[in-house]
Amino acid sequence: MAVAAIGKYEFEPADALEKFHGAQLLYIGWEDHLLFCAPFAFPFPPTMPFRAVVEEVLPGSFGYHPDFARIDWAQAEWFKSGQPWRPDFDKSLAENGLRHKDVIRFRTPGLRGIAGSCS
Amino acid sequence: MDMQVAKKKLGLKEKYQVMTRGLDWEPSYQKKEDIYPYASYEGIKIHDWDKWEDPFRLTMDAYWKYQAEKERKLYAIIDAYAQNNGHLNVTDARYINTVKLFLTGVSPLEYMAHRGFAHAGRAFPGAGPRVACLMQSLDEIRHAQTQIHALSNFNKHYNGLHDFRHMHDRVWYLSVPKSFFDDAVTAGPFEFMVAIGFSFEYVLTNLLFVPFVSGAAYNGDMGTMTFGFSAQSDEARHMTLGLEVIKFILEQDPDNLPIVQRWIDKWTWRGYRVLTLVAMMMDYMLPKRTMSWKEAWEVYFEENGGALFKDLARYGITMPRCAETIALEKDHLSHQAWGTFYNYGAAAAFHTWVPEKEEMDWLAAKYPQSFDKYYRPRLEFWREQAAKGNRFYNKTLPMLCQTCQIPMLFTEPGDPTKICYREVDYQGSKYHFCSDHCKEIFEHEPEKYVQSWLPVHQIYQGSCFPEGTDPSAEGFDPLAAVLQYYHLEFGRDNLDFEGSEDQKNFDLWRGQATKNG
Ligand SMILES: [Fe+2]
Ligand SMILES: [Fe+2]
């Protein structure tokens with residue numbers, strides 16, 4: 001459906017890729033750990049290796065949680081737009097097929113948050 | 001003796017006729033479509049504007065007299081409250097944070113309502129609704145003014161209230177109420193009336209004003225309580241106008257029904273999402289609670305709203321479908337919302353805290369299905385950590401919903417352990433939503449919502465730093481720059497209530513007021 005308007009109604013999207021100074025947005029959520037109230041939004045260069053996201057960025061964002069230090073990344077399950085997905089840690093975000101405003105999540109089997117409450 | 005006495009006064013009915021409908025005229029040298037350019041593009045068909053019934057028959061002269069009297073009383077009470085240091089009679093200084101939330105989040109909407117009704121009134125070709133909108137427009141600017149005056153007393157003593165209007169246009173969580181109203185005023189006049197006049201003023205208003213006003217009364221804030229009561233007679237008029245609008249539109253043409261139903265669905269959901277802030281205020285921010293959010297929803301929406309929609313069934317209107325989702329959220333909404341503000345307590349213009357033990361017990365009693373299982377462990381962990389000097393401040397920005405602009409904090413309907421993710425591909429780009437309802441609203445008018453000014457994305461684009469900031473300079477601290485842009489003073493306006501200047505001052509002043517020096 002189109003907007004009801006008195007004339008032509010066309011505007012630029014507020015969040016086009018060009019507006020992020022060479023970065024693209026990537027959203028990342030950690031399943032079963034709602035102590036972090038919502039998934040995170042990050043601006044990353046598309047050339048950034050996926051490993052750098054996991055090893056250099058995620059500790060700063062999720063490291064407060066006592067489960068974080070227990071994560072075995074080899075066991076982690078990944079999802080992109082809710083579908084099972086397998087990242088290559090040694091390839092860049094772009095090479096992993098990640099585009100502007102993609103959303104990924106990871107699940108860490110065996111880790112279910114504070115006292116198993118999914119917090 | 002037959003004496004002809006000149007009749008000095010008109011009867012009420014005649015007066016209404018002369019001073020409202022009688023002021024209208026048929027244009028002769030301009031086309032009606034040119035005078036009322038917004039009257040038809042939304043697809044609503046009106047055949048006879050004279051069928052509009054004004055339930056109050058209020059005329060302008062009576063309006064001024066009546067409102068002036070009310071305002072004289074209101075300001076007398078506000079003055080007395082200020083002179084007697086009424087702020088020291090509130091339950092405890094945590095309460096003042098609800099006032100901060102109200103002033104920054106709600107009062108600017110009163111002003112927007114003033115503008116919206118003025119615009120809608122100008123746009124309607126019928127004299128009856130035009131006059132009714134004019135009066136509501138005046139009510140709304142009075143509400144904005146009396147609220148600002150009443151709450152300005154707190155600004156002399158407490159932090160976070162100093163620049164509410166500036167903050168309203170910039171601070172991340174205030175984009176939720178702001179974008180809600182901006183959405184309404186940028187719609188056509190009919191949609192605005194359904195959005196604000198009906199869905200907000202009629203269906204949801206009791207869930208906004210009753211909690212704040214009774215919360216104020218329970219917590220000893222007589223100033224706020226008084227402006228609430230003063231606005232009440234206006235609210236009764238607004239509710240009647242909202243209902244009259246719906247009935248009038250639906251009676252005019254059967255083609256109007258699907259359009260109106262879609263607006264009711266949309267605006268009930270949009271309004272409900274804004275009420276997330278009220279839910280957490282009721283359950284977490286009032287030191288002395290009135291009723292839980294869940295109870296309020298059950299009384300004011302499920303019971304009262306249920307009766308309303310039964311009444312509207314004769315026009316073909318049905319209960320908005322989102323009511324089912326909302327029923328599933330009512331055990332979780334306030335807890336998830338407060339958790340979010342606790343996370344981002346470094347970037348909020350009010351203080352946050354973990355509830356005391358008795359408060360948690362109250363929450364457990366009000367929310368037996370959810371609190372102990374999902375939320376108590378989280379809060380207790382935060383409390384333990386804070387006691388060890390490791391208070392949690394989330395420093396990574398959250399993903400937001402494209403429509404309601406709230407962080408993606410809501411869980412799947414029926415599963416409070418999973419965040420609800422929805423997305424749409426539109427013109428080669430991805431858009432994300434907190435719920436099916438926000439997604440549907442976007443899908444109906446994507447051209448409108450691709451323009452959303454999402455605070456998180458704007459920060460990453462570099463639009464939320466003070467003018468002249470160089471983000472490439474060495475040692476640049478983006479959070480500090482964003483708070484400066486918000487006019488939010490780090491260490492005074494934000495962070496935990498425990499240890500805040502508000503807490504210390506209140507204790508000191510109350511001690512001076514109640515004890516010998
Ligand atoms: Fe109002
Ligand atoms: Fe949403």
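Rules used in this analysis
Residues numbered from 1 in each chain as written. Chains lettered and ligands numbered in written order. Predicted model: local features only at pLDDT ≥ 70, side-chain atom pairs only at ≥ 80, totals over all residues. Heavy atoms only, no water. Patch = residues over 30% accessible without salt bridge, like charges linked within 9 Å, V, L, I, M, F, W, Y side chains within 5 Å. Areas by Shrake-Rupley, 256 points an atom, 1.4 Å probe, with all protein chains shown as cover. Salt bridge = Lys/Arg side-chain N within 4 Å of Asp/Glu carboxyl O. Helix = DSSP H or I, 4+ residues; strand = E, 2+ residues; numbered from the N terminus. Contact = heavy atoms within 4.5 Å. Buried area = accessible area lost by both parts, 1.4 Å probe. Donors = N, O, S within 2.8 Å, 3.2 Å for Na, K, Ca; no water. Buried < 20%, exposed > 50% of the residue type's maximum accessible area, 1.4 Å probe, protein only. Pairing = 2+ DSSP bridges. Tetrahedral: all angles 85-135°; square planar, octahedral: opposite > 155°, others 65-115°. Lys, Arg positive; Asp, Glu negative; His and termini not counted. Polar contact = N/O pair within 3.5 Å; in protein donor to acceptor, adjacent residues only side chain to side chain. Core = buried A, V, L, I, M, F, W, Y, C linked by side-chain atoms within 4.5 Å. UniProt positions renumbered as here; feature names shortened; annotations may be inferred. Expected span 1.5 Å × (residues − 1). Arc of directions from axis to C-beta.

The name given to chain B in an unreviewed UniProt entry is Phenol 2-monooxygenase P3 subunit, and the organism recorded there is Azoarcus indigens.

An unreviewed UniProt entry lists chain A under the name Phenol 2-monooxygenase P4 subunit, with Azoarcus indigens given as the organism.

(A) Up close: a nonpolar patch on the surface. There is a patch of nonpolar side chains on the surface, built from Leu10(B), Val18(B) and Met19(B) and spanning about 240 Å² of accessible area. Summarising the element assignment, Leu10(B) is placed in the segment before helix H1 (12-19).

(B) Layout of the environment of Cys37(A). As for its placement among the helices and strands, Cys37(A) is situated in the loop between strand E1 (24-30) and strand E2 (40-44). Through-space distance from the C-alpha of Cys37(A) to that of Ile71(A) is 19 Å; in sequence the pair is 34 residues apart. With near-sequence residues (within four places) excluded, Cys37(A) lies in contact with Gly339(B), Thr340(B), Asn343(B), Tyr344(B), Met408(B), Leu409(B) and Ile419(B).

(C) Quick look at the interface of chain B and chain A. Taken together, the contact pairs 53 residues of chain B with 42 residues of chain A. Summed over both partners, the interface of chain B with chain A comes to about 4,100 Å²; 59% of that surface belongs to carbon and sulfur atoms. Of all residues in chain B, Tyr421(B), Tyr460(B) and Gln461(B) give up the largest surface area on contact with chain A, accounting jointly for 16% of the area buried on that side. For the pair chain B and chain A, the number of links is two salt bridges. Taking the shortest distance from any N to any O, the salt bridge between Lys418(B) and Asp32(A) comes out at 3.4 Å.

(D) Geometry of the coordination of the iron ion (ligand 1). Coordination of the iron ion (ligand 1) by the protein is provided by Glu110(B) (OE), Glu140(B) (OE) and His143(B) (ND1), with metal-donor distances spanning 2.1 to 2.2 Å. Judged by relative accessible area, which is 2%, His143(B) ranks as buried.

(E) Layout of the pairing of E1(A). Residues and elements named next belong to chain A. The buried count for E1 comes to seven of seven residues, which makes it a mostly enclosed element. Of the two faces of E1, the one lined by Gln 24, Leu 26, Ile 28 and Trp 30 and the one lined by Leu 25, Tyr 27 and Gly 29 are each fully buried. Here E1 runs beside E2; their pairing, made up of five bridges, is antiparallel. Bridging across to E2, Leu 26 finds its partner in Phe 42.

(F) A look at the coordination of the iron ion (ligand 2). Residue and element names in this part refer to chain B. Ligation of the iron ion (ligand 2) by protein atoms is provided by Cys 401 (SG), Cys 404 (SG), Cys 434 (SG) and Cys 438 (SG), these donors lying 2.3 to 2.4 Å from the ion. Angles of 105 to 115° at the metal separate the four donor atoms of the iron ion (ligand 2), which places the site in the tetrahedral class. Each donor residue of the iron ion (ligand 2) lies on the same chain, and together they follow the pattern C-x2-C-x29-C-x3-C. Classification of Cys 401 as buried rests on a relative accessible area of 0%. Among the residues examined, Cys 404 registers a relative accessible area of 2% and is labelled buried.

(G) The arrangement of the side chain of Asp221(B) in detail. Residues and elements named next belong to chain B. Within the fold, Asp 221 resides in the loop between helix H9 (189-218) and helix H10 (222-252). Although Asp 221 is buried, it forms no salt bridge, and the closest oppositely charged side chain is Arg 510 at an N-O distance of 12 Å. For Asp 221, the side chain forms a polar contact with the side chain of Tyr 95, separated by 2.7 Å. If we skip the residues at most four places from it in the chain, Asp 221 touches Tyr 81, Val 90, Tyr 95, Val 99, Phe 154 and Ala 216.

(H) Structural context of the nonpolar core. Membership of the largest hydrophobic core comes to 189 residues, with the highest contact counts inside it found for Ile28(A), Tyr173(B) and Trp293(B). If you tally residues by element for this core, the top one is H9(B), at 16 residues. Apart from the residues within four sequence positions on either side, Ile28(A) is in contact with Pro39(A), Phe40(A), Phe42(A), Phe44(A), Val53(A), Leu58(A), Phe62(A), Ile104(A) and Phe106(A).

(I) Here's a closer look at the UniProt feature "domain: YHS" (unreviewed entry) in chain B. UniProt annotation of "domain: YHS" (unreviewed entry) refers to residues 411-453 of chain B when read in the numbering used here. With 30% helix and 40% strand, the stretch residues 411-453 of chain B has end C-alpha atoms that lie 24 Å from each other.

(J) Seen up close, helix H22 (residues 501-514) of chain B. Residue and element names in this part refer to chain B. Relative to the 20 Å expected for 14 residues at 1.5 Å per residue, H22 spans 20 Å between its end C-alpha atoms, a close match to the ideal helical length. Considered for burial, the residues of H22 that qualify are Asp 502, Gln 503, Phe 506 and Gly 511. Seen along its axis, H22 keeps its buried residues to an arc of 155°; they face one direction. Of the residues in H22, the exposed ones pointing more than 90 degrees away from the buried face are Lys 504 and Gln 512. Where H22 is buried, its residues contact helix H4 (96-105).

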